Amino acid sequence: MTGRVVECPIDEMNRPRGSKDAALRIPPTGPEIKTLFTGWGGELVTCRKFAPTARNYTASKLMSQVGLRVSEACKLDLADINWDLGRFGKLHVRHGKGARGTGPRERMVPLINGADRTLRWFIEDVWGQFNDDHTRPGAPLFPSERKNTDSSSRHVGDDALRNGLATAGKAHLPGWTDTLTPHVLRHFCASELYLGGPSSMPDTAGGGPARKRSALFRWRSVMSGIPFLTCRITKVTRRTRPFTREEWQRFLDYTDDQVARAVKSKREGAWPPFTRHGRA
């Protein structure tokens, strides 16, 4: 608006350690995602293999609704669904992405945005067609067609989910051919939560307002495509000092400015609109 590039208010301590410049990722719009899953859902009536196609459809829709990583979705068990927790039920993600050698991090994910209805349909109408025992400990939520030596179902591999999404995207969302991936669906979920405002941020860790503010800025970072904003600045063990009110406001102004410039550049065809430290 002023013709000047807003300087990033984050100090060097909180910048990313790598030297790779930030890559901007703008996910599909809500209507585009709706078109994708509407067309994909209609394909279930005529597809050659109903169960695997419905599994890929459900896993992809779940990623777009609650922001799961594809590796997390592949390792889910039936027992990880807790229908009695919270308003919609929650998903126990046991193999979340770790950091700094901590190993997998567990978290509880609320089944918002209709994810509870998606999973109920899959479990009641599709899951039994994989011929596995739902009472067996470790029964996968998304089974593979391949069996273990004891004839029990394996967990589906990420390649199957990626290929299923790529095929569906090519058929029903041709504008995103070769660029529609599970991680793009995760970005779409983050963008929708960001556009919905702080009230739509799920308090997944039960940490109260502080954790919700941290989640808000993680969603903002995904929307603006700036990786160094994803640091959990409200966690005591990861921050150098608390941010002041003025610094928070500069933080908001900076991310909003980057989002506005990114959308404008995308529409005008100027891409990429900026690097980590300024305009490209």
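Here's what I pulled together on the structure shown here. (Residues numbered from 1 in each chain as written. Predicted model: local features only at pLDDT ≥ 70, side-chain atom pairs only at ≥ 80, totals over all residues. Heavy atoms only, no water.)

### Observations regarding the side chain of Thr118
Looking at the element boundaries, Thr118 is found in helix H4 (residues 115-125). Using a relative accessible area of 9% as the deciding quantity, one classes Thr118 as buried. Beyond its immediate stretch of four places on either side in the chain, Thr118 contacts Thr58, Lys61 and Gln65. (Helix = DSSP H or I, 4+ residues; strand = E, 2+ residues; numbered from the N terminus. Buried < 20%, exposed > 50% of the residue type's maximum accessible area, 1.4 Å probe, protein only. Contact = heavy atoms within 4.5 Å.)

### Some words on the packing of helix H2 (residues 50-66) against H4
At a minimum axis distance of 10 Å, the contact between H2 and H4 shows a crossing angle of 165 degrees. Relative to H4, the element H2 is oriented roughly antiparallel. Between H2 and H4 lies a crossing of left-handed hand. For the pair formed by H2 and H4, the contact residues are Phe50, Ala54, Arg55, Tyr57, Thr58, Lys61, Leu62, Gln65 and Val66 on the first element and Ala115, Thr118, Leu119, Trp121, Phe122 and Asp125 on the second. Looking at side-chain class alone, the contact of H2 with H4 contains nine nonpolar, three polar and three charged residues. (Axes fitted to C-alpha atoms, helices over the stretch in contact; angles between N-to-C directions. Parallel < 35°, antiparallel > 145°, perpendicular 65-115°, else oblique. Left-handed = near helix turned anticlockwise from the far one by under 90°. Nonpolar A, V, L, I, M, F, W, Y, C, P; charged D, E, K, R; others polar.)

### Thoughts on the environment of Leu180
Mapped onto the secondary structure, Leu180 falls in the loop between helix H5 (158-172) and helix H6 (182-196). Once the C-alpha coordinates of Leu180 and Leu165 are considered, the two residues, 15 residues apart in sequence, prove to be 7.5 Å apart. Each residue touching Leu180, except ones within four places of it in the same chain, is listed here: Pro28, Leu36, Leu165, Gly169, Leu173 and Leu185.

### Concerning the nonpolar core
Among the nonpolar cores identified, the biggest contains 45 residues, and Leu62, Leu68, Leu91, Leu119, Phe142 and Leu180 are the most heavily contacted of them. Put simply, the parts of the chain that give this core at least two residues each are helix H1 (30-43), H2, helix H3 (70-74), strand S2 (90-96), H4, H5 and H6. Per-element accounting of this core gives the leading share, seven residues, to H2. Discounting chain neighbours no more than four positions away, the residues touching Leu62 are Gly67, Leu68, Leu91, Ala115, Leu119 and Phe142. (Core = buried A, V, L, I, M, F, W, Y, C linked by side-chain atoms within 4.5 Å.)

### Focus on the sheet that holds strand S3 (residues 105-110)
Judged by pairing direction, the sheet is antiparallel, and its three strands sit side by side in the order S1-S2-S3 without closing on themselves. Looking at strand neighbours, the two that pair on one side only are strand S1 (81-82) and S3, the edges of this open sheet. Judged from the two bridges that link them, S1 and S2 form a sheet pairing that is antiparallel. The residue of S2 that forms the bridge with Ile81 is Leu91. (Pairing = 2+ DSSP bridges.)

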